[in-house]
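Results of the structural survey
In case you want the letters, here they are:
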Amino acid sequence: MKEKERFMKRKAVRPSFVFVLAVSILSGCSGNSAPGTSTSTNTGATGTSAQEKPTEISIFTEFSTSEPPAADNPVTKEFEKRTNTKLNITWASPNGWEEKQNVLLASGDMPDLMKIKDMKQTQAITMIKQGAFWDLGPYLKDYENLSAYPQEIMDRVKVDGKQYILPSVRPLHGSSFFNIRQDWLDNLGLKMPRTMDEFYAAAKAFVEQDPDKNGQADTYGYNGKDWGKVIGIFNHSNGKWKEVDGKLVDTDLEPGTREGLLYLNKMYTEKIIPEDFAVMKTTDFENMAKAGKAGVQMDTTEGVFRSTEGARKLDPKADFVAMTYLESAAGKMVHTGSGFAGLYLIPKKVPEEKMKKILALMDYGASEEGFELACYGLEGVHFTVADGFKTATEQAVKESVSQSSFGKIFTRYDQYLWAYRVGMPKDMFERNKNIVDERANYGISDVSIGLLSETDLLMGPDFNKKIEDMKIKVIMGKEPIESWDALVETLKADANYMKIIEEFNQAYQDRKNAAS
Amino acid sequence: MAMQSEVQIDGLAKPTARSRWKQVMYGLKRDKYLYLLIAPGLLFFLLFKYVPMWGIVIAFQNYSPYMGITESPWVGFEHFIRFFSNQDFYLLFRNTMAISLLKLLFFFPLPILLSLLLNELRSAVYKKWIQSIVYMPHFLSWVIIAGITFLLLSQSSGIVNKMLVSLGYAKYDFLTNENNFWIMLVIQNIWKETGWGTIIFLAAIAGVDPQLYEAAKMDGANRLRQAWHITLPAIRSVIVILFILRLGDIMDVGFEQVFLMMNGAVSNVADVFETYVYRVGIQQGQFSFSTAVGLFKSVVGLILVILANKVAKRFGEEGVY
Amino acid sequence: MKRSISGRLFDAANITVLALVGILTLFPLYYVVVVSFTDPAEYIRKQGYVLFPQSWTFDSYNYLLSTSAFKNATLISAFLAIVGTALSLVVTSAFSYGLSRKRLQGRRFMMLLILITILFGPGLIPPYLLVRDLGLINSVWSLILPVLTSGWYVILMKSFFDSIPVELEESAVIDGSTDIGVFFRIVLPLSLPALAAFGLFYAVGYWNTFFNAVLYINDYTKWPLQLVLRNMLIDSSTQAGGTAAAEMMAEQNIPTETLKMAAVVIATFPILCVYPFLQKHFAKGVMLGSVKG
């Protein structure tokens, strides 16, 4: 394929912090294979007749560029021109957009296209069930690019077996997992860990054998971020629930969790995990990785490059490599992503004709051409093409043209989206692509996404809190493992807790039946 | 009832309904400009505070935004029962009250003390500087303060622990130890808000007639006596009102602070009503339940305020109503 | 007059204690300012323990000040702080003054009415609907009118007016003034310390407008400064976890600590400057004494 074109050329390095920050915003898009001059055909989205009045479409979404695109943003204008629409986009502040989402849902002030965060938005899901939104299922087949979204993801966001929700698709593989300092492994003559025992041994060596060769015992094996994934590996599950013989099993009651807790407790006691892991926030974990103090960081294959870049400022050889899988007695596994970042809904009050127009707009955004426009903007204005490489201009930064803005609305499924980040050397990108490909063989999905249980809504958070608190205490040695065993026994004897398991199973069966 | 005191001058021993009405009309007419003064404020409270009050009734419903308040089913006290029958209710209540009372006991008097000390400074310049410095921490968000706390107290690299180690002591798990969690919250609060809290007292002290101090000096009263007999009485009503109002939100301990400092190791002492509502109500989209818990907290606050106000009135204070 | 030894001792102790308090409060602020001028790489290398940066850099400030929204946002925030504070002070003080006059009929009932609004809140949605129905969505007035005054401040301010004697008005009324005239010409000038204090409270409140803007203002050119700044620093620390959240985060740029601190400095510096100007009104003994005498 056009490997070179996938690869966005680094802009001439300027020692400006501002610039680096601004350019890296573009990162997410760069894995896309859209060539500089797209030749892809129109997808039926464009209003063909010039006389036809543009359809007015209001959209609610969020953004994570430093500013939202202005109302007269050239990319918005271009989308309007190409799809014969008039877009009225509300870019909600990333700080607090969930609250705004809830207020809009509750007040009925919904736009024509409404973004919600995930499948846990009870209020939205309830409204879906009450018939507030269009079932898009019967219409999607008419839209070539939207139909190309992986079925796996589409199934995951169904409610009562129907496709009310259009996901903002993201790669399934390449999501957050362990990343290990390859250079440290090399320094110590260790090979890439594949089993949990090897992982432990490597992490321990990172603490004891001075992997950074600075003569000081100042490193941690694993910074402790998302330690729940360690337990997941012992259970061979992504999250709390896993499927065994067609039924959902709560892994917290399984021996794998106990095993994982003992494993983590050992790591904690031996200072492989920092003493403060329970109070550290995302930035603390990341800063530890950037400071070259942690041998293992948890992040997506793309996101970990932030840590790598940071660590390289102190040690040019620093290299976090994403691990492909880890193996416990339960088997090999890696965590598969949810496949979406945000979900779109069209309220029923939108007339059918207009609903189709909205789908056409989204379909255009999912075409190669449309996705290119969303992520890169206009050639010559927002990006330039040289030797088949696309380079973002400062204009793009200024006008907030990025996946973090328009890419939040318009997406095309690209399995390598999270293999690349701006500034990444080519060999690393190639390596990541291989990792993403390989992970597909070992990936385990979270089977519980989109499942609801009435009892869980009411009592789940309390149970979960008790469970999580006890886990932390056991790991930190503040409670013996027997306390965990006792908690498990209590839960097994708790009628409400058992009811939650039952209801999740029921929801799971219902979904299966609806699919077949 | 509220109008008795002044109007009785008109000389009616036993006002009939009719004459009462006349009195009211007379008062309204007499004070028409006064009513004009309060009109904008009153209008504000009616419009922006009382019109939206209907939101409270969803505490007695299974509110669904899609169906709205008219269609949502009524469930009576179901949410309250669920809240009270929660097996952790006692724990939540204990933590909330403990943190609140500790703050009331140790934090509340400090701004008063600090403003008295500031008032005693002879150098106006020095006073100005100190005043301008101590009120600044108020502007730092809890996120920043939590970050600074981590730098000071963490085990892996915290300054305090480094000092302990160099003095030959073992590291101490300040951030994950149940024993000192409440104290830590109170200290953070003292650091952040004491200076800010002095502003209102300094304003009240500024209203004191300087002649009073002169007279006291003539009588040979020392500074302590002046502070006790002149300054403190001058700010007493502000103190009383602030205290009563604080009692009103005794069930609130400051969500952001607790939420940021809380972790699995200390949640037995850290989980309060606010974090509980966030977890069980807001995150789960349970509007009715969240509102019910809020209503409970408000009612407790109201009862305390009414009681405290009665006591204050008995001591000759104006109180809050 | 001669100062006693114990008085001098007290003065010395007082000065020392306050100096200590000053240092304790100043140090973390010093830290915030210093970090804002530090190179992010140095911050990481020192793991946050920066007391004096090796090299000073303005990059964080350049970045934050470079956005087109910044200038606008500052103007909006200044407008809120000036116009909002002025309106709030007038409405609050007039209301509180009225309530402080004992002859006013229904005053206790109104006080209770106000008290209840302090204790009972209607949540998020009803106020939103009200603002919408008043046609204030996307208007800067949605950031002023719903917070025009507050029960706390009315009740507190009333206690300041309580001490103004009735005789004062009576003499003015005899001279032919109305209550309104008395309020503006006599009462307000006497209450400068209170006006300064509550003015500061309101100004800070308006300057820090954030959440209402998230809800009520869709047009980002009308966003206040705090919102614009926070958008540049998406803060993950209070976000709930979960796989989906982690994956959304992956696409974001986690802001460096240095950037965060610079934002804090930018966001608070202007409002910090207000206080020293108000300070002279906190000086002891305003006219009240002389009038009474």
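The name given to chain C in an unreviewed UniProt entry is Carbohydrate ABC transporter permease, with the source organism recorded as Paenibacillus arenilitoris. Taken directly from UniProt, the Subcellular location (unreviewed entry) text for chain C runs: "Cell membrane". According to UniProt, the comment filed for chain C under the heading Sequence similarities (unreviewed entry) is "Belongs to the binding-protein-dependent transport system permease family."

**Observations concerning the interface of chain C and chain B**
Listed by partner, the interface residues are 102 residues for chain C and 100 residues for chain B. For the pair chain C and chain B, the summed buried surface comes to about 8,900 Å²; carbon and sulfur atoms form 76% of the total. Considering only the side of chain C, the residues that lose the most area to chain B are C:Y49, C:Q105 and C:F120, jointly responsible for 9% of the buried surface there. In this structure, the connection of chain C to chain B is made through six salt bridges. Between C:K158 and B:E318 there is a salt bridge, with its nearest N and O atoms 2.8 Å apart. Between the two partners, chain C and chain B, sit 20 residue pairs in polar contact (both at pLDDT 80 or more). Considering only residue class, the side of chain C that touches chain B consists of 67 nonpolar, 23 polar and twelve charged.

**With respect to the domain arrangement of chain A**
Residue and element names in this part refer to chain A. One can read the domain layout of chain A as domain 1 (3–172 + 339–444), domain 2 (177–335) and domain 3 (454–515). Spacing between the C-alpha centres of domain 2 and domain 3 amounts to 25 Å. Together domain 2 and domain 3 conceal approximately 2,000 Å² of surface at their shared face, both sides included; 67% is due to carbon and sulfur atoms. Contact with domain 3 buries surface across domain 2, with L248, L253 and L261 losing the most and accounting together for 29% of the total.

**Things to note about the sheet that holds strand β10 (residues 326–328) of chain A**
Residue and element names in this part refer to chain A. Strand order in the open sheet made by the three strands is β10-β11-β15, with mixed pairing throughout. The open sheet is flanked by β10 and β15 (443–444), the only strands paired with a single partner. Two elements, strand β11 (residues 331–335) and β15, share two bridges in a ladder whose sense is parallel. Note that in β15 the partner of H335 across the bridge is I444.

The rules we used
- Residues numbered from 1 in each chain as written.
- Chains lettered and ligands numbered in written order.
- Predicted model: local features only at pLDDT ≥ 70, side-chain atom pairs only at ≥ 80, totals over all residues.
- Heavy atoms only, no water.
- UniProt positions renumbered as here; feature names shortened; annotations may be inferred.
- Contact = heavy atoms within 4.5 Å.
- Buried area = accessible area lost by both parts, 1.4 Å probe.
- Salt bridge = Lys/Arg side-chain N within 4 Å of Asp/Glu carboxyl O.
- Polar contact = N/O pair within 3.5 Å; in protein donor to acceptor, adjacent residues only side chain to side chain.
- Nonpolar A, V, L, I, M, F, W, Y, C, P; charged D, E, K, R; others polar.
- Domains from an automatic or database assignment.
- Pairing = 2+ DSSP bridges.
- Helix = DSSP H or I, 4+ residues; strand = E, 2+ residues; numbered from the N terminus.

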